[in-house]
Amino acid sequence: MSRILIIEDEESIADLEKDYLELSGFEVDIEGEGPAGLERALNEDFQLVILDLMLPGVDGFEICRQLREAKNTPIIMVSAKKDDIDKIRGLGLGADDYMTKPFSPSELVARVKAHLTRYERLVSSNVKENTVIEIRGIKIDKTARRVWVGGEEKNFTSREFDLLTFLAENPNHVFTKEELFRRIWDMDSVGDIATVTVHIKKIREKIEFNSTKPQYIETIWGVGYRFKV
Ligand code: CA
């Protein structure tokens with residue numbers, strides 16, 4: 001359920017807004033003073049703030065400015081004076097909407113719903129999908145660093161994962177053991193190109209049906225390895 005904070009010092013207005021919003025299924029809190037309202041808007045998890053302009057302590061301009069610096073919570077600013085609304089717009093404080101009192105409570109509810117929908121769409125579109133490589137039954141989730149072979153998850157050490165991913169991302173490209181060692185291991189790591197051979201063997205045991213006849217990572221004799229697609 002979406003939580004909404006009303007920062008409003010006129011009790012009758014705040015109560016009316018609250019009643020209408022609660023009837024629409026929202027959870028609503030009211031703060032009548034600027035400082036307390038600002039503090040709660042900053043520190044608590046509200047999905048939208050309805051902000052009156054003239055408030056005791058800290059006014060709506062300042063609350064809007066500070067809240068916008070810290071969070072993207074949608075803000076609907078309300079004021080009794082049309083001139084003030086123009087002024088707020090002019091200041092570019094980052095409020096999402098403006099309403100002049102008196103307004104109909106159902107108009108407020110409609111705008112609240114519209115802003116919440118828009119904001120949720122914005123937030124969900126920012127959630128990045130994992131980067132996944134899929135090649136013939138092998139699925140590598142680069143973001144989660146997990147690997148599935150034929151639908152079954154297999155465990156890889158960090159180096160094995162890096163080596164497999166590197167080869168799978170550059171299919172049909174032959175890399176020498178030296179190249180692979182340089183790319184996957186730090187320059188100062190202990191080890192040599194024999195380490196690459198050992199890791200390839202371990203990877204094959206996990207991804208190949210028959211590791212003596214590899215279908216994925218091929219050995220190119222005298223050169224190195226390639227991931228076949
Ligand atoms: Ca007021």
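Just so it is clear, the model here is predicted, and its values are computed rather than measured.

Cut-off values and rules
Residues numbered from 1 in each chain as written. Predicted model: local features only at pLDDT ≥ 70, side-chain atom pairs only at ≥ 80, totals over all residues. Heavy atoms only, no water. Donors = N, O, S within 2.8 Å, 3.2 Å for Na, K, Ca; no water. Helix = DSSP H or I, 4+ residues; strand = E, 2+ residues; numbered from the N terminus. Buried < 20%, exposed > 50% of the residue type's maximum accessible area, 1.4 Å probe, protein only. Phe/Tyr/Trp six-rings, centres within 6.5 Å; stacked < 30°, edge-to-face > 60°. Lys NZ or Arg CZ within 6 Å of the ring centre and 35° of its normal. Pairing = 2+ DSSP bridges. Axes fitted to C-alpha atoms, helices over the stretch in contact; angles between N-to-C directions. Contact = heavy atoms within 4.5 Å. Lys, Arg positive; Asp, Glu negative; His and termini not counted. Salt bridge = Lys/Arg side-chain N within 4 Å of Asp/Glu carboxyl O. Parallel < 35°, antiparallel > 145°, perpendicular 65-115°, else oblique. Left-handed = near helix turned anticlockwise from the far one by under 90°. Nonpolar A, V, L, I, M, F, W, Y, C, P; charged D, E, K, R; others polar.

S.K.: So what exactly am I meant to see when it comes to the coordination of the calcium ion here?
M.R.: A metal bound by six donors in octahedral fashion has ideal angles of 90 or 180 degrees, whereas one bound by four tetrahedral donors has an ideal angle of 109.5 degrees. Around the calcium ion, the protein supplies Asp-9 (OD), Asp-52 (OD) and Met-54 (O) as donor atoms, at distances of 2.1 to 2.3 Å. Spacing between the donor residues of the calcium ion along their common chain follows D-x42-D-x1-M. Taken together, the positions of Asp-9 in the loop between strand S1 (3-7) and helix H1 (11-23) and Asp-52 in strand S3 (residues 48-52) put the pair 43 residues apart, joining distant regions of the chain. Of the residues examined, Asp-52 reaches a relative accessible area of 3% and is grouped as buried.

S.K.: So what exactly am I meant to see when it comes to the packing of aromatic side chains here?
M.R.: To describe a pair of aromatic rings, one takes the distance between the centres and the angle between the planes. Scanning the entire structure with this criterion turns up three aromatic pairs. Aromatic pair Phe-166 and Phe-175: ring centres 4.7 Å apart, planes at 50°, arrangement tilted. An identical accessibility class is assigned to Phe-166 and Phe-175; each is buried. Ring geometry for Phe-181 against Trp-185: centres 5.5 Å apart, planes inclined by 15°, an arrangement best described as stacked. Comparing Phe-181 with Trp-185, the two get one shared label, buried. Over the face of the ring belonging to Phe-156 we find Lys-206, whose NZ or CZ atom lies 5.0 Å from the ring centre.

S.K.: I would appreciate a short explanation of the sheet that holds strand S9 (residues 152-154) in the present structure.
M.R.: Paired through their backbone hydrogen bonds, the strands of a sheet run either parallel or antiparallel. Read from one edge to the other, the open sheet built from four strands follows the order S6-S7-S8-S9, with strand pairing classed as antiparallel. For this open sheet the edge positions go to strand S6 (132-135) and S9, each flanked by a neighbour on one side alone. Across the sheet, the mean angle separating the axes of adjacent strands is 20° when strand polarity is ignored. Against the sheet, helix H6 (residues 158-169) touches S6, strand S7 (138-141) and strand S8 (146-149), its axis set at about 115° to S7.

S.K.: Would you explain the side chain of Glu-17 in this entry?
M.R.: With respect to the secondary-structure elements, Glu-17 resides in helix H1. No salt bridge is formed by the buried Glu-17; the nearest opposite charge belongs to Lys-101, separated by 6.4 Å. If near-sequence neighbours (up to four positions away) are discounted, Glu-17 is found in contact with Ile-6, Ile-50, Phe-103 and Leu-108.

S.K.: I tried to follow the packing of helix H2 (residues 34-43) against helix H3 (residues 60-70) on my own but got confused; where do I start?
M.R.: The relative placement of two packed helices comes down to the angle between their axes together with the axis-to-axis distance. Where H2 contacts H3, the axes come no closer than 10 Å and their chain directions differ by 15°. Considering their axes alone, H2 and H3 lie roughly parallel with respect to each other. Seen from above, H2 lies across H3 with right-handed handedness. Listed contacts from H3 to Gly-34, Leu-38, Ala-41 and Leu-42 of H2 are Ile-63, Gln-66, Leu-67 and Ala-70. Of the residues contributing to the contact of H2 with H3, the split by class is six nonpolar, two polar and no charged.

S.K.: Would you explain the sheet that holds strand S10 (residues 175-176) in this entry?
M.R.: A sheet is described by the order of its strands in space; here three strands give the open sequence S10-S12-S11, paired in antiparallel fashion. Each edge of the open sheet is held by one strand with a lone partner, namely S10 and strand S11 (217-220). The sheet strands contacting H6 are S10, S11 and strand S12 (224-227), and the helix crosses S12 at an angle near 65°. Across the face of the sheet, helix H8 (residues 193-207) comes into contact with S11 and S12 while running at roughly 140° to S11.

S.K.: For this particular structure, what's the right way to read unusual backbone geometry?
M.R.: Apart from glycine, the bulk of residues carry a negative phi angle, and the bulk of peptide bonds sit in the trans form. Lys-101 connects to Pro-102 through a cis peptide bond whose omega is -5°. Looking at the element boundaries, Pro-102 is found in the loop between strand S5 (97-100) and helix H5 (105-125). Located in the positive-phi region is Arg-136, a residue other than glycine, with phi close to 40°. Of note, the phi angle at Asn-172 is positive, near 65°, even though the residue is not glycine. You can see Asn-172 is positioned in the loop between H6 and S10.

Any functional reading would require information that these geometric values do not contain.
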